[in-house]
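These are the residues of each chain, in order.
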Amino acid sequence: VALLIFFNFVVNAYQAEFDPETMTSKEAEGSHRYHIIDIVLTAFFIVELAFNAFGHWFRSFVTDAWNVFDFLIVMLSLVSLLVDAIPGLNILRVLRAFRLLRLIKRFGSLRRIFDALVLSIVPVLNAFVI
């Protein structure tokens, strides 16, 4: 799953480099391939999320902040794929980059570092105010 998350990030980063107005026919074909890859990976992440929810008996799934974060990111990805034709909602495509943060949940040491950084925000802000 971690490799797929990273692969999806790379695909989204590369796909973001395409400018639809100046795209050649070969680039348009490549962009279509990336869109299909994005659909397949989003479907995989939805299935993985469903297995995770059922594996945790839903209650413990909902009470874990990382699982709720996973759910939000996957749902944002799904919404961004469904409303692709609406021009004002392209910002949702940018939010899919947060899928990479799902990797933090997969690695315990990285998760501890991230949690420590989050916990240090309030003390740092207090020191900044002083």
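Residues numbered from 1 in each chain as written. Predicted model: local features only at pLDDT ≥ 70, side-chain atom pairs only at ≥ 80, totals over all residues. Heavy atoms only, no water.

*Asks:* I tried to follow the overall build of the protein chain on my own but got confused; where do I start?
*Replies:* Per the secondary structure count, the protein chain includes eight helices and zero strands. The N-to-C order of helical and strand elements in the protein chain reads α-α-α-α-α-α-α-α. Partitioning the intrachain contacts of the protein chain with sequence separation of at least 6 by distance along the chain shows that 63% fall at a separation of at least 24. Surface summary for the protein chain: the accessible area is close to 9000 Å², and the carbon and sulfur share equals 74%. (Helix = DSSP H or I, 4+ residues; strand = E, 2+ residues; numbered from the N terminus. Contact = heavy atoms within 4.5 Å. Areas by Shrake-Rupley, 256 points an atom, 1.4 Å probe, with all protein chains shown as cover.)

*Asks:* What is the right way to look at helix H4 (residues 65–82) in this model?
*Replies:* For an α-helix the count is 3.6 residues per turn, leaving residues at separations of three or four pointing the same way. If you check H4, its first and last C-alpha atoms are 26 Å apart, about what 18 residues at 1.5 Å a residue would give, namely 26 Å. The set of residues buried in H4 consists of Trp-66, Asn-67, Asp-70, Ile-73, Val-74, Ser-77, Ser-80 and Leu-81. Taken around the axis of H4, the buried residues stretch over an arc of 155°, which confines them to a single face. Facing away from the buried surface of H4 by more than 90 degrees, the exposed residues are Ala-65 and Leu-82. (Expected span 1.5 Å × (residues − 1). Buried < 20%, exposed > 50% of the residue type's maximum accessible area, 1.4 Å probe, protein only. Arc of directions from axis to C-beta.)

*Asks:* What's the story with the nonpolar core in this structure? I'm lost.
*Replies:* Most often, soluble globular proteins have nonpolar side chains that are buried together. Within the largest apolar cluster, eight residues are counted, these being Ile-5, Leu-41, Phe-45, Leu-49, Ala-53, Phe-61, Val-74 and Leu-103. When residues of this core are assigned to their parent elements, the largest contribution, four residues, is made by helix H2 (residues 25–55). (Core = buried A, V, L, I, M, F, W, Y, C linked by side-chain atoms within 4.5 Å.)

*Asks:* What exactly am I supposed to notice about the environment of Phe-45 here?
*Replies:* Relative to the assigned elements, Phe-45 resides in helix H2. Here the alpha-carbon distance between Phe-45 and Val-1, two residues 44 residues apart in the chain, equals 8.5 Å.

*Asks:* I'm lost on the packing of helix H7 (residues 108–119) against helix H8 (residues 121–129) in this one. Help?
*Replies:* Geometry of a packed helix pair, given as the angle between the helix axes and the separation of the axes. The interhelical angle for the contact between H7 and H8, taken along N-to-C directions, is 30°, at an axis separation of 4 Å. Here Leu-117, Val-118 and Leu-119 of H7 lie close against H8, whose contacting residues are Ile-121, Val-122 and Pro-123. For the contact of H7 with H8, the class distribution of residues is six nonpolar, no polar and no charged. (Axes fitted to C-alpha atoms, helices over the stretch in contact; angles between N-to-C directions. Nonpolar A, V, L, I, M, F, W, Y, C, P; charged D, E, K, R; others polar.)

*Asks:* Got a minute to help me understand a nonpolar patch on the surface in this structure?
*Replies:* Together, Phe-58, Val-62, Val-68, Phe-71 and Leu-72 make up a nonpolar patch on the protein surface, roughly 440 Å² of accessible area in all. The element that contributes the greatest number of residues to the nonpolar patch is H4, accounting for three residues. By the element assignment, Val-62 lies in helix H3 (residues 59–63). (Patch = residues over 30% accessible without salt bridge, like charges linked within 9 Å, V, L, I, M, F, W, Y side chains within 5 Å. Salt bridge = Lys/Arg side-chain N within 4 Å of Asp/Glu carboxyl O.)

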